Amino acid sequence: MRCKNKKRSAAPAVLAILLLLAGIPPLAAANTLPVGTLTYRETEGDDVTTHVIRVQPEGEVFRVELSSERAGATVRQSFLVAADLGTRAWSFSDPGREMDLVASVQGERIVLSGSFRGKKVDKRFAAAGAPWNQLFQVGLSPFVLAAGRETAFRSIGTQGPGELKIGRMSVIRKGEEVIEVNGRKVEAVHVRISLSGLLAMFWHGDYWYRRSDGLFLRYRGRNRKGGPVAVSELVAEEAGDAR
């Protein structure tokens, strides 16, 4: 999913698509957002990363905070999510890679700015096309609940061949399964996400969502060519105040 980099970031495998090339889907009702705190544990070989997602209502939108910590290094992201679950604004901070980015929908453009290793970032992408959802673990819930067969989405890459670009991903529903999460059997929907078009041969990841409410449960895939299989799984779920 990524170009070779001597210094590995704590960026999440949960956001594997993001680090590869992209990440955005078509969305529906805001009441599918899990207001509260979700904690995921990712293992990739000997490395362990903890991802904490916090969702809170903020006026007519939702604010989602994501922190990913591995070996004392922390990557932080913040998202403003609209009622249709589309991303309206996003910020990304990875001190280890000297990367600080902000992006937002401004008219007919998605504007990306910030800095990367001392160089200014200033880019514009068309807002039209596949919806922008920078955190697809949240945004794919409506697709899962609607029993759709396939869809597509985009996001801005932070590493690899899609770094600082916006890319398109494809999603295919594989079926329903019963999986074990934290020692409990859970009915889940299995989807496969891949790079779109001919690029699909270079990467795909498998994702499982809770059948009852579309909550993201598990990811399995390789985050980089030749790397070990990474698995990210929900380990704690704490409901919050939706007021």
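(A) Highlighting the overall build of the protein. Along the protein, the regular secondary structure elements total 3 helices and 14 strands. Expressed as a percentage of its 243 residues, the buried residues of the protein come to 51%. Across the protein, the fraction of contacts at a sequence separation of at least 24, relative to all contacts at a separation of at least 6, is 49%. Per element, the accessible surface of the protein, about 11400 Å² overall, is 50% carbon and sulfur.

(B) Up close: the confidence of the model for the protein. Taken as a whole, the protein shows an average pLDDT of 84; of its residues, 84% reach a score of 70 or greater. The model gives residues 1–31 a pLDDT under 50, and that stretch makes 153 contacts with residues more than four places away or in other chains.

(C) The nonpolar core, seen in detail. One finds Trp-90, Leu-112, Ile-193 and Tyr-207 to be the most contacted residues of the largest nonpolar core, which totals 53 residues. Among the elements that line this core, the one with the most residues is strand E11 (residues 184–195), at 6 residues.

(D) Looking closely at the pattern of salt bridges. Applying the stated criterion to the full structure yields 13 salt bridges. Glu-58 is the partner of Arg-63 in a salt bridge, and the nearest nitrogen-oxygen pair spans 2.8 Å. Of the charged contacts, one joins Asp-213 and Arg-210 as a salt bridge, the two residues approaching to 2.7 Å between their closest N and O atoms. For Asp-213, a relative accessible area of 30% gives the class partly exposed. Accessibility expressed as a relative area gives 17% for Arg-210, which makes it buried. Look at the salt bridges and you will find they share partners, linking Arg-173, Glu-176, Glu-187 and Arg-211 into a network.

(E) Structural context of the pairing of strand E2 (residues 47–58). Inspection of the sheet shows strand E1 (residues 36–44) paired to E2 by 9 bridges, in the antiparallel sense. Note that in E2 the partner of Leu-38 across the bridge is Ile-53. Here E1 hands over to E2 after 2 residues, with Gly-45 in that stretch at a positive phi of 65°. Across 9 bridges, the pairing between E2 and strand E3 (residues 61–70) is antiparallel. Within E3, the position partnered with Pro-57 by the bridge is Phe-62. In textbook terms, the turn of a hairpin is the stretch between consecutive antiparallel strands, and for E2 and E3 this stretch comprises 2 residues, one of which, Gly-59, has a positive phi near 70°.

Thresholds applied
- Residues numbered from 1 in each chain as written.
- Predicted model: local features only at pLDDT ≥ 70, side-chain atom pairs only at ≥ 80, totals over all residues.
- Heavy atoms only, no water.
- Helix = DSSP H or I, 4+ residues; strand = E, 2+ residues; numbered from the N terminus.
- Buried < 20%, exposed > 50% of the residue type's maximum accessible area, 1.4 Å probe, protein only.
- Contact = heavy atoms within 4.5 Å.
- Areas by Shrake-Rupley, 256 points an atom, 1.4 Å probe, with all protein chains shown as cover.
- pLDDT = per-residue confidence, 0-100.
- Core = buried A, V, L, I, M, F, W, Y, C linked by side-chain atoms within 4.5 Å.
- Salt bridge = Lys/Arg side-chain N within 4 Å of Asp/Glu carboxyl O.
- Pairing = 2+ DSSP bridges.

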